[in-house]
Amino acid sequence: SVSFSPDSQRLAAIAEDGSILVWTTAGKLIQTLQGNKDLGLRVEFSPDGQRLVASSGSGTLQIFQADGTLLHEIKGHNAAVFGLSVSPDGQFFASASSDSTAKLWRWDGTLVRAFEGHTNETFGVDFSADGQMLATASADNTVILWSLAGEKIKTLYGHGPGFKDVKFSATGELVTVAEDGTLARWNLEEVLAFNELEYACAWIADYLRTNRELAEGDRALCDGIP
């Protein structure tokens with residue numbers, strides 16, 4: 001995993017031994033941050049470039065100051081943390097783990113809330129551009145959009161073996177990566193406006209109206225639904 005600092009003058013890369021190497025974009029190694037000797041998976045700068053958060057194969061999260069000082073070490077998850085994302089305003093970061101959960105954190109190591117809704121490994125997490133939503137991507141073949149309060153806003157279903165990652169774009173799209181390598185672009189406005197119940201009722205409207213074997217009481221299942 002590689003992360004650029006907000007000023008694009010530095011980049012951080014995490015190694016398999018958990019160490020974090022910070023380079024200038026000209027290719028000069030300027031810093032080595034010592035992790036916890038565990039398998040390093042992801043690293044992300046804070047928006048002000050003054051902190052980094054790193055994840056590991058054991059579920060541990062480490063928060064470093066830019067000078068290399070380890071500020072906090074958290075046993076954040078019960079399994080590997082494959083996804084990290086930092087909120088645009090810099091207040092929070094989010095983690096996604098193969099323990100099927102995602103979590104929202106403050107930079108002092110405080111857990112804000114856990115997002116539980118996936119039934120398989122959760123590989124990706126990302127904040128929306130306005131910082132009001134989280135998207136999580138899972139091997140259970142769903143992407144879930146959440147409010148930061150922990151409420152499910154929308155569940156998107158894939159057509160393959162599962163999702164590996166998800167990212168919001170600045171132009172109002174959601175981009176997903178499936179386990180088979182397929183990339184898909186979703187129009188976020190259309191996704192949020194789509195009503196699954198309305199769609200289902202429109203699809204079975206003729207069946208409800210014309211099927212002679214249907215009980216009369218069942219014909220009204222979609223009454224009141226536009």
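Our subject is the structure listed above.
Cut-off values and rules
Residues numbered from 1 in each chain as written. Predicted model: local features only at pLDDT ≥ 70, side-chain atom pairs only at ≥ 80, totals over all residues. Heavy atoms only, no water. Pairing = 2+ DSSP bridges. Helix = DSSP H or I, 4+ residues; strand = E, 2+ residues; numbered from the N terminus. Axes fitted to C-alpha atoms, helices over the stretch in contact; angles between N-to-C directions. Polar contact = N/O pair within 3.5 Å; in protein donor to acceptor, adjacent residues only side chain to side chain. Contact = heavy atoms within 4.5 Å. Core = buried A, V, L, I, M, F, W, Y, C linked by side-chain atoms within 4.5 Å. Buried < 20%, exposed > 50% of the residue type's maximum accessible area, 1.4 Å probe, protein only. Salt bridge = Lys/Arg side-chain N within 4 Å of Asp/Glu carboxyl O. Phe/Tyr/Trp six-rings, centres within 6.5 Å; stacked < 30°, edge-to-face > 60°.

Caption draft 1: Up close: the sheet that holds strand 3 (residues 20-24). Read across the sheet, four strands follow the order 1-2-3-4 without closing on themselves; strand pairing throughout is antiparallel. Taken across any chain shown, the strands that pair with only one partner, and hence form the sheet edges, are strand 1 (2-4) and strand 4 (29-33). Going across the sheet, the axis of each strand differs from the next one's by a mean of 20°, ignoring polarity. As defined by bridge partners, strand 1 adjoins strand 2 (residues 10-14) across three bridges and the pair is classed as antiparallel. Among the inter-strand pairings, phenylalanine 4 is bridged to a residue of strand 2, identified as leucine 11.

Caption draft 2: Region of the structure containing the sheet that holds strand 11 (residues 101-106). Pairing within the open sheet is antiparallel, and its four strands lie in the order 9-10-11-12. A single partner strand is all that each edge strand has here, and the edge strands are strand 9 (81-86) and strand 12 (111-116). Sheet twist, expressed as the mean angle between neighbouring strand axes with direction ignored, is 20°. Pairing analysis gives five bridges linking strand 9 to strand 10 (residues 92-97), with the strands arranged antiparallel. Paired with valine 86 across the two strands is phenylalanine 93, which belongs to strand 10.

Caption draft 3: Local environment of the side chain of serine 46. Among the secondary structure elements, serine 46 is positioned in the loop between strand 5 (40-45) and strand 6 (51-56). A polar atom in the side chain of serine 46 sits 2.5 Å from the side chain of aspartate 48. Every residue in contact with serine 46, bar those within four places of it in the chain, is listed here: Pro6, Arg51, Val86 and Trp107.

Caption draft 4: Molecular detail of the nonpolar core. In terms of nonpolar packing, the biggest core is built from 13 residues, with Ala135, Val143, Leu145, Phe168 and Leu174 touching the most fellow members. Counting only elements with at least two residues in this core, the list comes to strand 14 (133-138), strand 15 (142-147), strand 17 (163-168) and helix 1 (188-193). Of all hydrophobic cores here, the second largest spans 12 residues; its members include Ala94, Ala96, Phe127 and Trp146.

Caption draft 5: Fine view of the pattern of salt bridges. Throughout the structure, instances matching the rule amount to two salt bridges. Here arginine 42 ties to glutamate 44 by a salt bridge, and the two come within 3.0 Å at their closest N and O atoms. On the basis of relative accessible area, glutamate 44 is assigned to the buried category, the value being 16%. Close ionic contact of glutamate 173 with arginine 185 constitutes a salt bridge, the shortest N to O distance being 2.9 Å.

Caption draft 6: Region of the structure containing the packing of aromatic side chains. One pass over the structure, following the stated rule, counts four aromatic pairs. Ring geometry for phenylalanine 115 and tryptophan 146: centres 5.3 Å apart, planes at 70°, overall edge-to-face. Residue phenylalanine 115 is located in strand 12, and its partner tryptophan 146 is located in strand 15; the two are separated by 31 residues in the primary sequence. Note on tryptophan 146: relative accessible area 2%, which makes it buried. Aromatic rings pair up to connect Phe93, Trp105 and Trp107 into one cluster.

Caption draft 7: Local environment of the side chain of glutamine 31. Following the sequence through the fold, glutamine 31 ends up in strand 4. Owing to a relative accessible area of 18%, glutamine 31 belongs among the buried residues under this scheme. Side-chain polar atoms of glutamine 31 contact the backbone oxygen of alanine 66, separated by 2.9 Å. Ignoring sequence-local partners within four residues, the contact set of glutamine 31 consists of Ile20, Leu21, Val22, Ala66, Asp67 and Gly68.

Everything listed here is a matter of geometry and, on its own, says nothing about what the molecule does.
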